[in-house]
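Notes for the structure review
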Amino acid sequence: MKMIMAVIQPYKLDAVREALGEIGVDGMTVSEVKGYGRQKGHTEIYRGTEYAINYVPKVKVEIAVKADVVEKAVEAIRGAAGQGKIGDGKVFVFDLENALRIRTGEAGEEAL
């Protein structure tokens, strides 16, 4: 089992959800986050004054998948979220030791 964490542009969330749904991924956790990378924030002008926005709003998507689905899921995220521009986001893949469905007590891949 693997845990995939993707940090993407907020307006790409629906496209990512649809792309993951097409390959059979039926659950995800979504969080609104802020951060910066190579983009280093940006500036905005409000009422004639320029402000530095050091942390850019993003969305963090977390999904737990079986090991044989990882490559398809990563490619689905990249295809749906990518535009070829700085700030598109990042995808991280972690080993997932165990999972437990609280309601039924199912563990491991059966809990996914």
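For the structure, check the block above.
What counts as what
Residues numbered from 1 in each chain as written. Predicted model: local features only at pLDDT ≥ 70, side-chain atom pairs only at ≥ 80, totals over all residues. Heavy atoms only, no water. Core = buried A, V, L, I, M, F, W, Y, C linked by side-chain atoms within 4.5 Å. Buried < 20%, exposed > 50% of the residue type's maximum accessible area, 1.4 Å probe, protein only. Helix = DSSP H or I, 4+ residues; strand = E, 2+ residues; numbered from the N terminus. Axes fitted to C-alpha atoms, helices over the stretch in contact; angles between N-to-C directions. Left-handed = near helix turned anticlockwise from the far one by under 90°. Contact = heavy atoms within 4.5 Å. Nonpolar A, V, L, I, M, F, W, Y, C, P; charged D, E, K, R; others polar. Expected span 1.5 Å × (residues − 1). Arc of directions from axis to C-beta. Pairing = 2+ DSSP bridges. Salt bridge = Lys/Arg side-chain N within 4 Å of Asp/Glu carboxyl O.

1. A word on the nonpolar core
- Membership of the largest hydrophobic core comes to 17 residues, with the highest contact counts inside it found for Ile4, Ile8, Val16, Leu20, Ile63, Val65 and Ile77.
- When contributions to this core are tallied by element, the ones reaching two or more residues are strand 1 (2–8), helix 1 (13–22), strand 5 (56–65) and helix 2 (70–81).
- Ranked by residues supplied to this core, first place goes to helix 2 with 6 residues.

2. A look at the packing of helix 1 against helix 2
- At a closest axis distance of 8 Å, the pairing of helix 1 and helix 2 adopts a crossing angle of 145°. Judged by the sense of rotation from one axis to the other, the crossing of helix 1 with helix 2 is right-handed. Facing helix 1, whose interface residues are Ala15, Val16, Ala19 and Leu20, helix 2 presents Ala73, Ala76, Ile77, Ala80 and Ala81.
- Its residues assigned to classes, the contact of helix 1 with helix 2 comprises 9 nonpolar, no polar and no charged.

3. Considering the environment of Gly21
- Relative to the elements of secondary structure, Gly21 occurs in helix 1.
- Note on Gly21: relative accessible area 43%, which makes it partly exposed.

4. Notes on helix 2
- Look at helix 2: 16 Å from first C-alpha to last across 12 residues, which is about the 16 Å you get at 1.5 Å a residue.
- Those residues of helix 2 that sit buried are Val70, Ala73, Ala76, Ile77, Ala80 and Ala81. Axial view of helix 2: buried residues confined to an arc of 130°, hence all on one face. Across from the buried face of helix 2, at angles greater than 90 degrees, the exposed residues are Glu71, Lys72, Arg78 and Gly79.
- Packing partners of the buried residues in helix 2 comprise strand 1, helix 1, strand 5 and strand 6 (89–95).

5. Digging into the sheet that holds strand 6
- The strand order 2-5-1-6 describes an open sheet built from 4 strands, whose pairing is antiparallel. At either end of the open sheet lies a strand with only one pairing partner, and these are strand 2 (29–35) and strand 6. In this sheet, neighbouring strand axes are inclined to one another by 20° on average, regardless of whether the strands run parallel or antiparallel.
- Strand direction decides the pairing type here: strand 1 and strand 5, joined by 7 bridges, are antiparallel. Counterpart to Ile8 in the pairing with strand 5 is Val59.
- Sitting on the sheet, helix 1 touches strand 1, strand 2 and strand 5, and the angle it makes with strand 5 is about 15°.

6. What about the pattern of salt bridges?
- Tallied over the entire structure, the rule returns 3 salt bridges.
- We note a salt bridge from Arg78 to Glu75, for which the minimum N-O separation is 3.0 Å. Of this pair, Arg78 and Glu75 both sit in helix 2, 3 residues apart, which is roughly one turn of that helix.
- Assessed through its relative accessible area of 53%, Arg78 is described here as exposed.

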